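Listed below, chain by chain, are the residues.
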Amino acid sequence: MPIRQMKESAEQHLVIKTHLQNTMSQAQKQHKTAQNGKGPPPHQEPQNTKPHSQVSPPTKNRGRRRGRGGRKSDQSDVCMRPSSRPCTVAHKPVNQACALVTSNANGSVGNGHSLSQMEMGFPSSSKSLSFAPRPGYGQVGTKCIVKANHFFAELPDKDLNQYDVTITPEVASRTVNRAIMAELVRLYKESDLGMRLPAYDGRKSLYTAGELPFVWKEFKIKLVDEEDGINGPKREREYKVVIKFVARANMHHLGQFLAGKRADAPQEALQILDIVLRELSTKRYCPIGRSFFSPDIRTPQRLGEGLESWYGFYQSIRPTQMGLSLNIDMASAAFIEPLPVIEFVAQLLGKDVLSRTLSDSDRVKIKKALRGVKVEVTHRGNVRRKYRVSGLTTQPTRELVFPVDDNSTMKSVVEYFQEMYGFTIQHTHLPCLQVGNQKKANYLPMEACKIVEGQRYTKRLNERQITALLKVTCQRPRDRENDILQTVQHNAYDQDPYAKEFGIKISEKLASVEARILPAPWLKYHETGKEKDCLPQVGQWNMMNKKMINGMTVNRWACINFSRSVQESVARGFCNELAQMCQVSGMEFNPEPVIPIYNARPDQVEKALKHVYHSSMNKTKGKELELLLAILPDNNGSLYGDLKRICETDLGLISQCCLTKHVFKITKQYLANVSLKINVKMGGRNTVLLDAISCRIPLVSDIPTIIFGADVTHPENGEDSSPSIAAVVASQDWPEVTKYAGLVCAQAHRQELIQDLYKTWHDPVRGTVSGGMIRDLLISFRKATGQKPLRIIFYRDGVSEGQFYQVLLYELDAIRKACASLEPNYQPPVTFIVVQKRHHTRLFANNHRDRSSTDKSGNILPGTVVDSKICHPTEFDFYLCSHAGIQGTSRPAHYHVLWDENNFTADGIQSLTNNLCYTYARCTRSVSVVPPAYYAHLAAFRARFYMEPDMQDNGSTDGSGHSTKSTRAVGESGVRPLPALKENVKRVMFYC
């Protein structure tokens, strides 16, 4: 991490401030109670008054707040808004002094005051950084009980020992490693291992409950090689295994951590327990990541093109407030069907291959599908040797010959198999599989091979396969709960020899957890509608009798029809209906397009867009189009992406695409949803929180507050060189916090840290220039609101637990630097929250028969929040199910507050997050993830289309028949930057 140099001035700002063990001064406590100002409305949550377990060092302008008003400040508040929006704000920025963490001689964390320490700036190690502690528990909402798929695990009272394992010759396969260790345990358990039953991670570590009779020992293990070469009998291989004592896991440390007495998790002890509980399942099932699959758990379902779905379960040991917890969830994955290779190829191509020759495109598809796949031979009776496919021959089998001796005597593959194995190759027109390496590739006829069972398919599924897999995985909550309970019973942890050996006991009951159902927020619509405000019911509402609070005007629009099946009269009728719906919803929408609807071919998208753009400009005497409607075929390939790329990065056009099926079957619901999208793309607002315009949102309404959302999307499996795409959005209105501008950038393949949050570069004229997405969005906020943000709330999506420290250190530093580059000492307090959807915690109603405790789909009610029992022992996290289920089992979002300089209460951040979920612009439902994070995800996904065609590796061109790859230089990171968004596009919610 680069060390940041600080200016030597009286008011220093440091990059990061940690929560340190310190007490509040009496003056702060007194001020805190006096600053509450106007109280919350009747339905607003009371603020939690429980003391914070850890607080920041007292500074000139900081006060620990649990009430409603502004941050402690010695400046007077002045009115910055008209009386209709009576929000108050301090003119001057909040001075944010930050304390540097230093390590004392005794290892405790202290507060560094000297200038030399302050100049060091950023903590160089994650060990000097602690996440925000839980400030107490939420109280708002209707209390209820829910069940969670967490099973209490009793902590063992035995010493857990770790041993290092070295196997010579080195083996890459975990399966082979496990086979070697299983043989070692079989031979030596009762003698050299002192009756211990060790657990093994398949790599370098072995774990035991209690010590082995030795500190270091060498073993010789003989193993039959199942994957020997084609010629000769199976060979017996000898391995040297050295086991050496490494360390003893500190179970006392784990106990203290679970009791909340220590903040640092003992990862080694948790890892050992996880491996122990996975040992038996690893032997029984097919392990993939943290999940286990088997065709015996449930009959596999065909997905098409040679794939099938396997059912299984996810398992992970987690530290929680109730102690150790075993998280069990159901899982499904796509596997390659264990078919004869010829049958697999027939399914893959969707045609008979026995009598037809293969085309070049067929060969490419087969080679792509089978490369890396394990096959076993079927032409040698009981001998079922396995090989990994490396390629496909370009010639048919009948033309293949190879040398059989050093004199280069040639023999055909057909003759060889007949003479050697008595096997007659029937389908000699088909190519052979190549196995082995390129230097010495062996040929195997397709009809002599079968795909080995248990190989997960890791490449991209097509739409039909995804639909089929979702059908299998989609389970009602009651069914999922029953399957989870059956899995736990079937796994019989009480009979598991490894669990017994290590003294681990697992409950067979789902954890009962106290939860609360947060109230839905009131939404404000325009005064001219029949309904001026609205209280959503069970997470949803509609636009009937309501008008958008800020409906925009569309005077100049055009329509391109790319669908051959849609006649001009049908397209015209659709546009008329859409225009009427926009008007009814509160927009001003000219019913007539600038030019007549233009029909175009999908393969001429760029030509068509430029024609309509220039024709419209000519007609309006230089005034640009405000909106482009596009009618697309239902299956449109790259058309949608090409259209968005050209419109948003080349022409600066706001576009709305509609599929043919919706044009033919017009519904009011569809038109209403499209009108919502058009309005926000034009810069309008559909609705706002009533509390926002009444200035009653704690820690948002009191001073100008900007809310960020950030996400990084990575290329799919199998794409080894495509860049990752980062997106950041930020609210551009205050106090409404409803409109979000977005920026995107490409970065190194699979890089999770957002590289362009803040950056500097040297300009020959201006010298060192600052930039980056945070800085640009802060400037944009200032331009839009006339004020600079005095508080930052940052929702970060897509970060796994193992990356928490790294992401917080890097990205909080970037936020600090971006702020400081705008103005000396400008350091607004930051709250940094990670949003996780890819977890396996599921919440179920306590009583599925009680209709008052579930929504229509049988899921828990929207607004259900859990911050106890199954949450982190000490850190500030919670689960929130903010949406109503539609089908399947709802997945609550997991929010983890890593950093909090705004001193949110549990109620404050939970209610804010839940309320924001009702402001999502594209529908009249609360959504499952807080909108800024959702918008960032949409923007990042959109930006994949901006990659020039050869960057996408999809074989298409820029529309003129050639690629534009060389038009932009590769950046310092080696990644070609994305084309820049046009200014008018950046300012609006183009990604909706």
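Scroll up to find the structure this text is about.
To keep things clear, this report deals only with the structure shown in the data block. Computed from a predicted structure; not experimentally measured.

Following the criterion strictly, the structure yields 26 aromatic pairs and no others. On the numbers, 6.0 Å between centres and 80° between planes, the contact of Phe 941 with Phe 945 is edge-to-face. With a relative accessible area of 22%, Phe 945 lands in the partly exposed category. Arranged with centres 5.1 Å apart and planes meeting at 75°, the rings of Phe 990 and Tyr 991 form a pair that is edge-to-face. On the basis of relative accessibility, which here comes to 1%, the residue Phe 990 falls in the buried class. Judged by its relative accessible area of 2%, Tyr 991 is buried. Taken together through their ring pairs, the aromatic side chains of Tyr 740, Tyr 920, Tyr 934, Tyr 935, Phe 990 and Tyr 991 make up a single cluster.

Turning to the sheet that holds strand 34 (residues 688–689), a few remarks are in order. The strands that make up a sheet pair up through hydrogen bonds in the backbone, lying either parallel or antiparallel. Reading across the sheet, the 3 strands line up as 27-26-34 and stay open at both edges, with antiparallel pairing between neighbours. Looking along the sheet, the strands with just one partner apiece sit at the ends: strand 27 (533–534) and strand 34. Inspection of the sheet shows strand 26 (residues 523–524) paired to strand 34 by 2 bridges, in the antiparallel sense. Within strand 34, the residue paired with Leu 523 across the bridge is Leu 689.

The next thing to look at is the state of the cysteines. Covalently bonding the sulfur atom of one cysteine to the sulfur atom of another cysteine gives a disulfide. Across all of its chains, the model carries 0 disulfides by this definition. The cysteine Cys 559 is free of any disulfide, with Cys 575 supplying the nearest cysteine sulfur at 3.7 Å. Classification of Cys 559 by relative accessible area gives buried; the value is 1%. Residue Cys 992 stays outside any disulfide, its sulfur separated by 10.0 Å from that of Cys 923, the closest cysteine.

There is a patch of like positive charges on the surface, built from Lys 367, Lys 368, Arg 371 and Lys 459. Tracing the backbone shows Lys 368 in helix 7 (residues 360–370). According to the relative accessible area criterion, Lys 368 is exposed, its value standing at 60%.

Turning our attention to the packing of helix 6 (residues 341–349) against helix 7. Where helix 6 meets helix 7, the axes come as close as 11 Å, and the angle between the chain directions of the two elements is 120°. Relative to helix 7, the element helix 6 is oriented oblique. Between helix 6 and helix 7 lies a crossing whose hand is right-handed. For the pair helix 6 and helix 7, the contacting residues are Val 341, Phe 344, Val 345, Leu 348 and Leu 349 in the first and Asp 362, Lys 365, Ile 366, Ala 369 and Leu 370 in the second.

What counts, and where the lines are drawn
- Residues numbered from 1 in each chain as written.
- Predicted model: local features only at pLDDT ≥ 70, side-chain atom pairs only at ≥ 80, totals over all residues.
- Heavy atoms only, no water.
- Phe/Tyr/Trp six-rings, centres within 6.5 Å; stacked < 30°, edge-to-face > 60°.
- Buried < 20%, exposed > 50% of the residue type's maximum accessible area, 1.4 Å probe, protein only.
- Pairing = 2+ DSSP bridges.
- Helix = DSSP H or I, 4+ residues; strand = E, 2+ residues; numbered from the N terminus.
- Disulfide = S-S within 2.5 Å.
- Patch = residues over 30% accessible without salt bridge, like charges linked within 9 Å, V, L, I, M, F, W, Y side chains within 5 Å.
- Areas by Shrake-Rupley, 256 points an atom, 1.4 Å probe, with all protein chains shown as cover.
- Salt bridge = Lys/Arg side-chain N within 4 Å of Asp/Glu carboxyl O.
- Lys, Arg positive; Asp, Glu negative; His and termini not counted.
- Charge placed at Lys NZ, Arg CZ, Asp CG, Glu CD.
- Axes fitted to C-alpha atoms, helices over the stretch in contact; angles between N-to-C directions.
- Parallel < 35°, antiparallel > 145°, perpendicular 65-115°, else oblique.
- Left-handed = near helix turned anticlockwise from the far one by under 90°.
- Contact = heavy atoms within 4.5 Å.

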